[in-house]
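Residue-level structure breakdown
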Amino acid sequence: MTIISGDINKAVDILNDEDIIAIPTETVYGLAGNIYSEKAIRRIFEVKERPLYNPLIVHLHSIIQLDGIVSEIPPAAQLLADAFWPGSLTLILKKKSVIPDIITAGKDTVGVRIPNHPVALSLLRQLEFPLAAPSANPFNRISPTKSSHVENYFKDSIKMVLEGGECKNGLESTIIGFDDEEPVLLRLGSISIEEIESIVGKIKINNKAETAPDAPGMLAKHYSPQTKMYLVDDVAQVLDEHKNKKIGLLTFTDTEVDYTIAHIEVLSESGDLKEAASKLYNTLHKLDAIDLDVIIAQRLPDIGLGKSINDRLERAAK
Ligand code: TXA
Ligand code: MG
């Protein structure tokens, strides 16, 4: 039985015992273990069914810890850390040898972030080690933004989900790597490109599965519901092609559709991209649970967080 509880002391005990738990963050729930315990880290890969070539993000409570684990901090990385930490930004930096190879999949870099969630921060402060935490979903499935999503996925295979409420941002962190000290965007996420560029100027973008060997987790198919899904610009036209099917429709704002649809979900009545991002995964979990023949999702405007949401919808619909 998985315990779902806000008991941080219990969480500390389980982690000190080299076991793993799910933790809340402001992006998505993570499956967390002691970065220095090979037993715990192997268990994360096993429970998630994640291939060992896909490295994990290390979670810190304070920027003071950074010096102990990375060997170089490019000036742009310092600016971004100052601007966004604690927050939904992961920096890929040259690692020190204390970071075990299994965390980084043998790479000489490590992904780090300071989550902006009171429960996660309080937990991290009570531990003598940082936590490695990938999103708490089985490989390729929809990421969890509520404790119940994690429970549904992992039932008896983890001892505890540390309750932290619904994830406020609802999309994974934005990942920035460095090429000769120049920032490169490796994963779109909760912080928009525009926000990143307001701090460090125009940046390179390299987040496509085919061209981004530096981000091994950026698979073309990812974040996927079990139900067949399509991502389209013009909902009305596609609805016609799926007559007689049980359809779930995922739209950004209210859309007028002349069709009897099985189920409609609107991400933000008022057209607020931040609200849409925070609701995206929960809405996909809901649609996936109601036995539809097909999910049809409408592409969002390609600006700000709309880009990050479209990125997830594209991978979900592959
Ligand atoms: O918001 C988040 O980042 C969440 C929460 C739990 O913090 N975590 C998360 O972890 O999304 P995960 O494992 O689902 O995605 C981490 C991504 C993967 O695509 C992985 O390949 C990439 O980060 N990554 C990690 N370390 C890396 C490294 N050294 N070089 C390049 N990519 C790296
Ligand atoms: Mg993930």
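Reference entry: report on the structure contained in this document.

Reading the values: the criteria
- Residues numbered from 1 in each chain as written.
- Chains lettered and ligands numbered in written order.
- Predicted model: local features only at pLDDT ≥ 70, side-chain atom pairs only at ≥ 80, totals over all residues.
- Heavy atoms only, no water.
- 1 Å grid on protein atoms, 1.4 Å probe; cavity = no way out; pocket = protein on both sides within 12 Å on 5 of 7 lines; lining within 4 Å.
- Points joined across faces, edges and corners; volume = space filled by probe spheres on them.
- Helix = DSSP H or I, 4+ residues; strand = E, 2+ residues; numbered from the N terminus.
- Nonpolar A, V, L, I, M, F, W, Y, C, P; charged D, E, K, R; others polar.
- Contact = heavy atoms within 4.5 Å.

1. Things to note about the layout of surface pockets
If you add up the space inside the largest pocket, you get close to 420 Å³. Around the largest pocket, the lining comprises 18 residues; the ones closest to its centre are Lys-94, Thr-109, Gly-177, Phe-178 and Asp-179. Elements represented by at least two residues in the lining of the largest pocket include exactly β5 (89-94), β9 (174-179) and β10 (182-187). By residue class, the composition of the lining of the largest pocket is six nonpolar, three polar and nine charged. Looking at the second largest pocket, its volume works out to about 160 Å³. The wall of the second largest pocket is formed by Arg-141, Ile-142, His-149, Asn-152, Tyr-153, His-285, Asp-288 and Ala-289. For the lining of the second largest pocket, the elements supplying multiple residues, two or more each, are α7 (147-154) and α10 (273-288). Counting residues per element, the lining of the second largest pocket draws most heavily on α7, which supplies three residues.

2. Digging into the side chain of Thr-227
Secondary-structure assignment places Thr-227 in the loop between β11 (204-205) and β12 (229-232). Among all residues touching Thr-227, those that are not within four sequence positions of it are Asp-288, Leu-292, Asp-293, Val-294 and Ile-295.

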